[in-house]
Amino acid sequence: MSESKQQVSRRDFIKKMATGSAAVATTTVSSVALPAEKNKRYAMVIDTRRCVGCQACSVACKTENDVPLGETRNWVEYIEKGEFPNVRRSFLPRLCNHCEDPQCVSVCPTGATYKRKEDGIVVVDSDVCIGCKYCIQACPYGMRFINPKTGTADKCDFCLHRVEKGLVPSCVNTCQGRARIFGDLNDPQSEVSQLVATNATTVLRPEMGTGPMVFYIDADHTDERDAEKQGIYVRIDTHRRQQKRV
Amino acid sequence: MHELTWGLPVILYLFLGGLGAGAGAVSASVLLRSGGGDQAGLGFKIARCGALIAPIPVILGTGLIVLELGTFQAGNWFRFINLFKVINLSPMSIGSWVLGLFIMVSLVYAYTFLKADPHPGDDRHQLRKLSAWAMVILGVGVALYTGILLGAMPARPFWNSPILAMLFLVSALSTGVAVILLGRSVFGKHVDKEGKTTSDAYLLASSDMLLIGFEILVIFLFIMYSHLTIGSVKVAMGVILGGELTTLFWFGFVFLGLLLPILIELKYVIPTLLFQKQYEIPRSMEVLVSVLVLIGGFLLRYVVVIAGQITGSIGI
Amino acid sequence: MLNRRNFMKLSAASATIGLCGATVLTQAADLPEWGNKGYSRKTGRERKMVPSACYQCVTRCPNVTYIEDDRIVKIEGQLNSIRSEGVMCAKGQGGVNQANDPDRILYPLRRVGKRGEGQWKRVSWDEALTELSGRLKKLKDEGTPEKFMFHYGRMKSSTSKMVKSAFLATYGTGTIGNHTSICEGGKWVAQEFTWGGHFDTWDFDNTRFVLNFGSNALEAGTNHIPTSHRLIRAMAERNVRMVTFDVRLSNTAAKSSEWVPIKPGTDLAVVLAMCNVVMSEDLYQGDGEAFLKYCKATRDNFASVEEKVAALKKHFAQYTAEWAEKESGVSASLIRRIAREFATAHPAVVISYRGAVAHYNGNDTERAIQTLASITGNIDNPGGRCKAVGPKWKYPHGPHDKPKARKLALMDGPKGAAVSPNHHMSHNILKMIKDGSAGRPEIYMTYTYTPVYANGEVQENIDILKDESLIPFFVSINPFYDESAALADLILPEPPYPERWDWEDMVSPVQIAEYYIRQPGTKPLGETRDFGDVVCELAERLDMPLGFKTKKEFVQKSCEMTPLIKAVGGFEYMKKQGVYHDPKAKPVFFSYMKEVPAEKYEQETVILDDETGVYWDWKKAHLHSEEEAIKKGYAHTKKAYKAYVGQLIGNTVYSGFKPDKVNKSGYMELYSNLLEDKGVPPLPTWTKAPEHEAMDTDDLIMTTYKVATQIHSRSANCKFLTELYHKNPAWINPVEAKKRNIADGDMIKVKSAIGEIEIEARVTPAINLGVLAISHHCGHWQYGRYASGNKAPTGQDNDPDLDRIWWKGDQGEHPNWIIANAPDPVNGQMRWMDTVVKVRKA
Ligand SMILES: Nc1nc2c(c(=O)[nH]1)N[C@H]1C(S)=C(S)[C@@H](COP(=O)(O)OP(=O)(O)OC[C@H]3O[C@@H](n4cnc5c(=O)[nH]c(N)nc54)[C@H](O)[C@@H]3O)O[C@H]1N2
Ligand SMILES: Nc1nc2c(c(=O)[nH]1)N[C@H]1C(S)=C(S)[C@@H](COP(=O)(O)OP(=O)(O)OC[C@H]3O[C@@H](n4cnc5c(=O)[nH]c(N)nc54)[C@H](O)[C@@H]3O)O[C@H]1N2
Ligand code: SF4
Ligand code: SF4
Ligand code: SF4
Ligand code: SF4
Ligand code: SF4
Ligand SMILES: [Mo]
């Protein structure tokens, strides 16, 4: 286990948001009904206890978003670990974290990448993007790629074209374990809020300070290097063209 | 292994941009130091050489980086203009503006030296002086920004250090000096009968030596700090301290690009420096030193750009 | 608060009232809608949506298909399905690639060069069908319709009824092969000998403990998504424990509470020992004992429960946990612990699949598993192992007068190869044709089946199919250019499933029947034609019209003929909704306990069989008189099982465990007189593959398996699936690897009795000692560019992703080259998991 495993309680989280963004009005969990015009803050919770590595999400994402071969908006890492017969394999689905403080946005020279005020989704305007790849370097999660069809930066956009119409993302509705839960973190009644509030959730690479909006329950944060130091066998498969974890 | 999203065009761009910016800044400061270029002679000649060289690599490098743009590759050739529709706090945005300004100013600056017989006090004198001031600022700006561009991202631990910008600046200046030296010794007429350069090269050589010395210091700091730390940065530094890029870094950059030229220069500068002897250096040696410095400058960019991309955050 | 579970309840509820149309799903305003509605990414406009059904795998989940610019662009789970609850696996999602594969065959092709040379000529349907019907007519006219052999793989529901029950039956050939023996035929036979039906469902919604022998339920399975998502839910929400016995750490094993590595082919030993624990420690008392009333455990059908207990105790006494440890490598204490846990969980479900049954001793492995479930009272109960429940469609049967089918005896393998191959011995059909002693077909036609690739002994399959003297005319019905089609004389292109009609009938894990249909999202591409439509035209050309002209008409008629469907609006309703289940229906459990009404067994032609206690209708068994029936007896009358009425137990006649393929009684037959009479031990008994007895110390056993992202050989053309899984390294334990000086990623040579392959090694602790595991999805040499790099003869270049196949040249190796086509000696199942191999560094 890496030292990065960190628990983000809802309170901390709100504190973070209150300081990080003007959009947040509430400060307590038990706040009353929120004003209707209040901005949303879309987030995803991935309950890895329910993830079986089936990759339905990966394929659903590809078909929904017509992602070219060789590139991925969503992938599922297989983490195989241990010595025979005490071996385990756990699964870590990866997608853009729609960070609260996304570096992909701060480095973008054209403003093509931005975080939407109304719902916190980090998007790329492919009509503006010049394809300089700076954001690709800047994302601490390796979530971005240049779409070979357009030459512009691409990544998970929480299926904006669906979410805008009130539908959950495509990877969410196909998930056979119902491991992916999507919703509005600014609505304390939403399932994501409830899950974040009542579980020991973690985010990936919290030390990057990006404030991810993808929260994991029971994620395996094993890192190959740490394991190697301890003499433990670990193999991480990403099923991507880029075979190593980024 | 992470993907190399930035390849040779970007590496060349960083190298050429730094080189041009360095040459421009050196040229302008030589000009201004010699009293604003009010006197003819040594300083003015050097300044002229740098001024004429400076825009070329920068324009070339900028052209190269456009080639690397995803949209350009996808056939959307003029999309890069979007860079200049906004200005924001992105190092690349600021950098592009600085770069754009530098190119314009460097052209103006070069223009003031173009005349058949440019000399201090001619009718372009005022413009020359004015643009020289701008050249110093913009040249340092461009050179620095290439480092900031890379250094700004925690996601790239190898790059993520303020020292990198320093390193790039010093290297830019040193390659700037080297290119002027090279230009002078190839095209210049400052060679005596025995094939030795005349003393006017002393200024350049000695400042180059100083710059290299400084660069060695910065490199030392860069490695020391990275080495002393733990975590992602340490792992990232591994690629030059016992990884894929070690040979290229130590032999290519440090030995060929820094140690060898500084040793050669020392050999020729010491007599002048310590014993006030006449500065003499064979032309071949001068060419060798500057070429080595240029190679070193390129390898630095090469190693840094690649190392930054094949390493990343550790842990998940 | 609307949490996930409430949400699911809600959607299930709205589905139940039948209210929930394609798009209506009422829920809290702030909660995004779940789906079954889609928008174009390009234009933002709502996409056309057509309720349909997946057919990537045999599970056939209801789905919805989205259409944009006349192309199928997206497939999603059907929210209103009580089976899948809207969930869809990777393969189902990848179905769009089937429709859009640039290597699809778009018009009929006639071979021009030598067979297998790859020279083709485009012909019209008229030309193709003129030739085919001419040949068919000739055989029919000559009185040898059986020389037309039809061999299918995945053919179910309406297509099966149209093709087999109507077309082939009217034509008169009974030379019909399936692929069941290479699939799960062995499991089916074992179940037919125990509880009659061939299919089991696992009630994960109500269970407390899952014991798994060789099922990769979370990655595969014949009722995959409907069961797997329930299994995850059970584990995640109810903390249901699951123990998986597998030779390697499948994802199912990985998600289980415990993975127990086991030696291949020794599950039987473990299960027998568990039965021993249950009997010797009296853990059968309670539910198990009560259930024994409905079981047959001795030769005598009228034995008391005490006698049954005594017999079982006596039989299983030999199989101690210590003995099983020696055979299986599973520790005796673990066997005891798991047996006790299973027996006391109430309810608990024991599941099994090909890992348990595709072996020499597979038949008794499955029978032993049935026994374990029985003696713990976990049969057909909520939370247990249940008899399958599926919809009962009514459909047109074609012309009334059908000839008595004639057939070539090719399907069951050589005489004596298996005792009771109820589902044939498909993997031996080509061998039988080569052998010639049972005759040879003049026309060999395959449908959704690739004999070359799906069976063992690939080279022999190729050699036989290439030989025109053995098979004069080979027709492949196929949307794609697979390794078998490449050897055909005529290829008739079928559109893949998203462009077809069907009614569907796969069983339901909630024990309530679900009716659903498949409808095309678009017109068939090119000149492709649904094979259902083709058989209608063939029938017309042969002057035997079937009474319907298209598959669509067949489906429509079936909808109107099926009372439940007719009542809610028939075909129009199904077209709009896609799925239907009776909202009043209750889950079917304990069906065997139902009493048979007196008027049924008191009918004139129904008599009680003294030997078995079975009431049966001798007339239905095609006997002529009661005397004859009494004389012959139920068990000894051919196909008497079709005449079964009920089972007398005590003084009551129960519907019991109705036979389906063999003349078993209405008991759950742990003890089989039928098998005993054929020389097979009547109670589950330990046997071991002879070649496993004779293994060298450095031999390994090669097993095969399926992954979550591929379906057999059939999905390798789906670019998004093959991108995820395109090579199939051989898994080997580090200890075994070290002995052979093999490092991870090395090429190794794997040699069996019939051949050798070279394949990459994956050295991993996630596999048992003594085993090598290779999946069977990779190593194509045809099937289009995404699968093999080779373009199909009609391939198009209209997919820009063709230039982005980054795994080119890294496409794995098919293990079937070196797996012998050997059967389980009892049920004829292909022994996929038994191959003894030598492994060395290449
Ligand atoms: N993803 C996917 N799903 C499918 C299919 C597919 O191709 N792909 N095909 C469908 C069809 S037709 C079928 S029949 C089913 C098959 O479904 P399953 O039978 O569940 O799947 P298999 O992978 O064939 O075998 C199951 C497991 O048996 C293990 N095994 C091998 N030998 C032994 C042994 O001796 N003992 C034990 N305990 N385990 C052993 C293998 O490692 C494997 O994990 O799946 C259906 N669903
Ligand atoms: N080594 C090894 N071999 C195995 C197995 C294993 O676990 N290991 N599993 C076995 C099992 S369980 C099974 S069920 C069999 C499956 O074996 P098959 O029944 O042969 O099934 P597939 O290989 O999936 O596909 C057969 C062919 O159908 C064609 N096809 C695809 N879609 C359509 C369609 O819509 N219409 C028509 N007409 N044709 C279509 C494709 O060209 C494909 O080549 O394989 C068996 N083979
Ligand atoms: S994960 Fe990367 S791409 Fe996504 S918002 Fe954060 S920094 Fe940007
Ligand atoms: S690639 Fe596009 S989105 Fe990324 S930083 Fe450059 S302009 Fe912005
Ligand atoms: S939210 Fe949409 S874009 Fe993001 S991973 Fe899921 S399917 Fe892909
Ligand atoms: S679809 Fe769900 S269960 Fe499957 S891999 Fe993705 S997150 Fe895991
Ligand atoms: S389980 Fe089978 S039928 Fe269901 S969605 Fe997956 S591939 Fe399709
Ligand atoms: Mo199968």
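Since the model is a prediction, treat every value here as computed from it, not as a measurement.

Caption draft 1: The arrangement of the overall build of chain C in detail. A count of helices and strands for chain C gives 30 helices and 31 strands. Radius of gyration (C-alpha) of chain C: 26 Å, near the 28 Å computed for a compact globule of 842 residues. The 842 residues of chain C split such that 66% are buried. Considering only contacts within chain C whose residues lie at least 6 apart along the sequence, 73% involve residues at least 24 apart. Carbon and sulfur atoms form 51% of the exposed surface of chain C, whose accessible area is close to 28,500 Å².

Caption draft 2: Representation of the interface of chain C and chain A within the structure. Taken residue by residue, the interface counts 69 residues in chain C and 63 residues in chain A. Summing both partners gives a buried area of about 5,400 Å² for chain C against chain A, and 55% of it is carried by carbon and sulfur. Counting across the chain C and chain A interface gives eight salt bridges. For Arg50 of chain A, the salt bridge goes to Glu237 of chain C, with nearest N and O atoms at 3.0 Å. One can count 29 residue pairs in polar contact (both at pLDDT 80 or more) joining chain C with chain A. Among the secondary structure elements, those contributing two or more residues to the side of chain C that touches chain A are helix H1 (4-16), strand S3 (71-77), helix H2 (90-93), helix H8 (224-238), helix H9 (251-255), strand S11 (258-261), helix H28 (719-724) and strand S29 (756-763) of chain C. Counting residues per element, the side of chain C that touches chain A draws most heavily on H8 of chain C, which supplies eight residues.

Caption draft 3: Broad picture of the domain arrangement of chain C. All names here are of chain C. Split into domains, chain C comes out as domain 1 (4-100), domain 2 (185-283 + 313-387), domain 3 (595-655) and domain 4 (690-841). Distance from the C-alpha centre of domain 2 to the C-alpha centre of domain 4: 27 Å. Taken together, the contact between domain 2 and domain 4 spans 24 residues of the former and 25 residues of the latter. Carbon and sulfur atoms make up 58% of the surface buried where domain 2 meets domain 4, a total of about 2,000 Å² over both sides. Sorting the residues of domain 2 by area buried against domain 4 places Arg248, Arg354 and Tyr360 first, and these three jointly supply 33% of that buried surface. At the boundary of domain 2 and domain 4, one finds zero salt bridges. Remark: the boundary between domain 2 and domain 4 carries 15 residue pairs in polar contact (both at pLDDT 80 or more). Contributing elements (two or more residues each) for the side of domain 2 that touches domain 4: helix H7 (185-194), S11, helix H15 (354-357) and helix H16 (362-375). Considering each element in turn, the side of domain 2 that touches domain 4 owes the most residues, four residues, to H7.

Caption draft 4: Geometry of the site of ligand 7. Residue and element names in this part refer to chain C. The immediate surroundings of ligand 7 are formed by Cys54, Gln56, Cys57, Thr59, Arg60, Cys61, Met88, Cys89, Lys91, Gly92, His224 and Ile225. Counting only elements with at least two residues in the shell around ligand 7, the list comes to H2 and H8. Looking at side-chain class alone, the shell around ligand 7 contains six nonpolar, four polar and two charged residues.

Caption draft 5: Structural detail: the arrangement of the chains. Out of two pairs of chains that touch, the pair holding the most contacts is chains A and C. Of all C-alpha pairs spanning chain B and chain C, none lies closer than 13 Å, and the two are not in contact.

Caption draft 6: Region of interest: the site of ligand 6. With respect to spatial proximity, the complete set of residues near ligand 6 consists of Cys51, Val52, Gly53, Cys54, Gln55, Ala56, Cys57, Val76, Pro93, Cys175, Gly177 and Arg180 of chain A. Considered class by class, the residues forming the shell around ligand 6 number eight nonpolar, three polar and one charged.

Caption draft 7: Structural view of the pattern of salt bridges. Overall, the coordinates contain 92 salt bridges over all chains when judged by the stated rule. Among the ionic pairs, Asp226 of chain A bridges to Lys229 of chain A, the shortest N-O distance being 4.0 Å. Note that Asp226 of chain A and Lys229 of chain A are positioned in helix H8 (residues 224-229) at a spacing of three residues, about one turn of the helix. Residue Asp226 of chain A is classed as buried on the basis of its relative accessible area, which comes to 14%. Through salt bridges with shared partners, one network takes in Arg60, Asp502, Glu504, Asp505, Arg518, Asp530 and Lys551 of chain C.

Caption draft 8: Layout of the packing of helix H8 (residues 201-228) of chain B against helix H11 (residues 283-310) of chain B. All names here are of chain B. Taken N-terminus to C-terminus, the directions of H8 and H11 make an angle of 30°; their axes are 12 Å apart at the nearest point. Classified by the interaxial angle, the pair formed by H8 and H11 is roughly parallel. The interaxial crossing formed by H8 with H11 has left-handed handedness. On H11, the residues touching Ala201, Asp208, Ile212, Glu215 and Ile219 of H8 are Glu286, Val289, Val293 and Leu300.

Caption draft 9: Looking closely at H8 of chain C. Residue and element names in this part refer to chain C. Spanning 15 residues, H8 covers 20 Å between terminal C-alpha atoms, matching the ideal 21 Å at 1.5 Å per step. Looking only at H8, the buried set comprises His224, Ile225, Pro226, Thr227, Ser228, His229, Arg230, Leu231, Ile232, Arg233, Ala234 and Met235. In this fold, the buried residues of H8 make contact with H2, strand S8 (200-202), strand S9 (209-213), strand S10 (241-246) and H9. One or two residues past the end of H8 sits Asn239, with phi positive at roughly 55°.

Caption draft 10: Just a positive patch on the surface, in detail. Residue and element names in this part refer to chain C. Together, Lys404, Lys407, Lys638, Lys639, Lys642 and Lys661 give the surface a local cluster of positive charge. Positionally, Lys407 belongs in the loop between strand S14 (385-387) and helix H17 (429-435). You can call Lys407 exposed: its relative accessible area is 56%.

Caption draft 11: Region of interest: unusual backbone geometry. Following Phe84 of chain A, the chain continues to Pro85 of chain A via a peptide bond in cis, the omega torsion being 0°. Relative to the helices and strands, Pro85 of chain A is located in the loop between strand S2 (75-83) and strand S3 (86-94). The amide bond that connects His346 of chain C to the next residue, Pro347 of chain C, takes the cis arrangement and shows omega of -5°. Among the secondary structure elements, Pro347 of chain C is positioned in the loop between helix H14 (332-345) and strand S13 (348-352). The residue Lys639 of chain C is not glycine, and still its phi comes out positive at about 55°. The class for Lys639 of chain C is partly exposed, based on a relative accessible area of 47%.

Caption draft 12: Representation of the interface of chain A and chain B in the model. At the junction of the two partners, chain A supplies 44 residues and chain B supplies 35 residues. With both chains or domains summed, chain A and chain B bury close to 3,000 Å², and 55% of this area falls on carbon and sulfur atoms. For the chain A face of the interface with chain B, the top three residues by lost area are Ile130, Tyr134 and Gln137 of chain A, together amounting to 26%. Between the two partners, chain A and chain B, sit zero salt bridges. If you look at where chain A meets chain B, you find 21 residue pairs in polar contact (both at pLDDT 80 or more).

Caption draft 13: The arrangement of a nonpolar patch on the surface in detail. Where nonpolar side chains cluster on the molecular surface, the patch consists of Leu52, Val108, Tyr111, Leu114 and Leu127 of chain B and spans about 400 Å² of accessible area. Within the secondary structure, Leu114 of chain B is located in the loop between helix H5 (91-111) and helix H6 (125-151).

Caption draft 14: Fine view of the packing of aromatic side chains. All names here are of chain C. In this structure the tally under the stated criterion is 51 aromatic pairs over all chains. Seen in terms of ring centroids, Tyr573 and Tyr580 are 5.8 Å apart; in terms of plane orientation they differ by 85°. Their pairing is edge-to-face. Tyr580 matches Tyr573 in its accessibility class, with the two residues each being buried. Here the aromatic cluster, defined as three or more aromatic residues joined through ring pairs, consists of Phe291, Tyr294, Phe590, Tyr592, Tyr654 and Phe657. Across from the ring centre of Tyr705, 3.6 Å away, lies the NZ or CZ of Arg248, which sits over that ring. If you follow Arg248 out to its NZ or CZ, it ends over the ring of Trp731, 5.1 Å from the centre.

Caption draft 15: Quick peek at the environment of Ala74 of chain B. You can see Ala74 of chain B is positioned in the loop between helix H4 (70-73) and H5. Linking Ala74 of chain B and Asp123 of chain B, residues 49 residues apart in sequence, is a C-alpha distance of 47 Å. The residues contacting Ala74 of chain B, other than those within four sequence positions of it, are Lys149, Thr150 and Gly151 of chain A.

Caption draft 16: Quick peek at the sheet that holds strand S1 (residues 48-53) of chain C. Residues and elements named next belong to chain C. Spatially, three strands are ordered S1-S2-S3 in an open sheet, and the strand pairing comes out antiparallel. Both edges of this open sheet fall to S1 and S3, since each of them pairs with a single strand only. Neighbour-to-neighbour, the strand axes of this sheet turn through a mean angle of 30°, independent of strand direction. Pairing of S1 with strand S2 (residues 62-68) involves six bridges; the strand directions are antiparallel. Bridge pairing in S2 links Val50 to Thr65.

The rules we used
- Per chain, residues are indexed from 1 in the order of the written sequence.
- Chain letters and ligand numbers both follow the written order, the letters beginning at A and the numbers at 1.
- Reporting in this predicted model follows two pLDDT cut-offs: at least 70 for local features of residues, and 80 or more for side-chain atom pairs to be given and counted; totals over whole chains, interfaces and linings ignore these cut-offs and use all residues.
- Each side-chain value is worked out from all heavy atoms of the structure, with water and hydrogens disregarded.
- Where helices and strands are cited, they refer to DSSP runs of H or I of at least four residues and of E of at least two residues respectively, numbered from the N terminus.
- Note on method: radius of gyration uses C-alpha positions; expected globular size equals 2.2 Å times residues raised to 0.38.
- Summary of the burial criterion: residues with accessible area below 20% of their type's maximum are buried, those above 50% are exposed, and those between are partly exposed, where the area comes from a 1.4 Å probe applied to protein chains only.
- Contacts: residue pairs with any heavy atoms within 4.5 Å of one another.
- In these tables, accessible area is a Shrake-Rupley quantity obtained with a 1.4 Å probe, and a residue counts as shielded only by the protein chains included in the view.
- Put simply, buried area is the surface a 1.4 Å probe can reach on two separate parts but cannot reach once they are joined, added for both.
- The term salt bridge refers to a pairing of a side-chain nitrogen on Lys or Arg with a carboxyl oxygen on Asp or Glu at a separation within 4 Å.
- Whenever a nitrogen or oxygen atom comes within 3.5 Å of another N or O atom, the pair is scored as a polar contact, on the condition that within protein one atom can donate a hydrogen and the other can accept it, and that pairs from neighbouring residues in sequence are kept only if both atoms are in side chains.
- Start and end positions for the domains come from either an automated domain assignment or a database one.
- Whether a residue is near a molecule or strand depends on its heavy atoms: if one lies within 4 Å, it is near.
- Note on residue classes: Ala, Val, Leu, Ile, Met, Phe, Trp, Tyr, Cys and Pro are nonpolar, Asp, Glu, Lys and Arg are charged, and everything else, Gly too, is polar.
- Axis angles are defined between N-to-C directions and span 0 to 180 degrees, where every axis is a line fitted to C-alpha atoms and, for a helix, only to the segment in contact.
- If an angle is under 35 degrees, it is roughly parallel; if it is over 145, roughly antiparallel; if it lies from 65 to 115, roughly perpendicular; otherwise it is oblique.
- For any helix crossing, the convention is left-handed if the near helix is rotated counterclockwise from the far helix by under a right angle, and right-handed if that rotation is clockwise.
- A helix is expected to span 1.5 Å multiplied by its residue count minus one.
- Exposure above 30% relative accessible area and the lack of any salt bridge qualify a residue for a patch; like charges then connect within 9 Å, and the nonpolar side chains Val, Leu, Ile, Met, Phe, Trp and Tyr within 5 Å.
- Neither His nor the chain ends is counted toward charge; the positive residues are Lys and Arg and the negative residues Asp and Glu.
- All charge positions are set by atom: Lys at NZ, Arg at CZ, Asp at CG, Glu at CD.
- Only rings of Phe, Tyr and Trp enter the pairing, Trp through its six-membered ring, and a pair is recorded when the two centres are within 6.5 Å. The plane angle decides the type: under 30 degrees is stacked, over 60 is edge-to-face, the rest tilted.
- Any Lys NZ or Arg CZ that is within 6 Å of a ring centre and within 35 degrees of that ring's normal is treated as a charge sitting over the ring.
- Only strands that DSSP links by at least two bridges are regarded as paired with each other.

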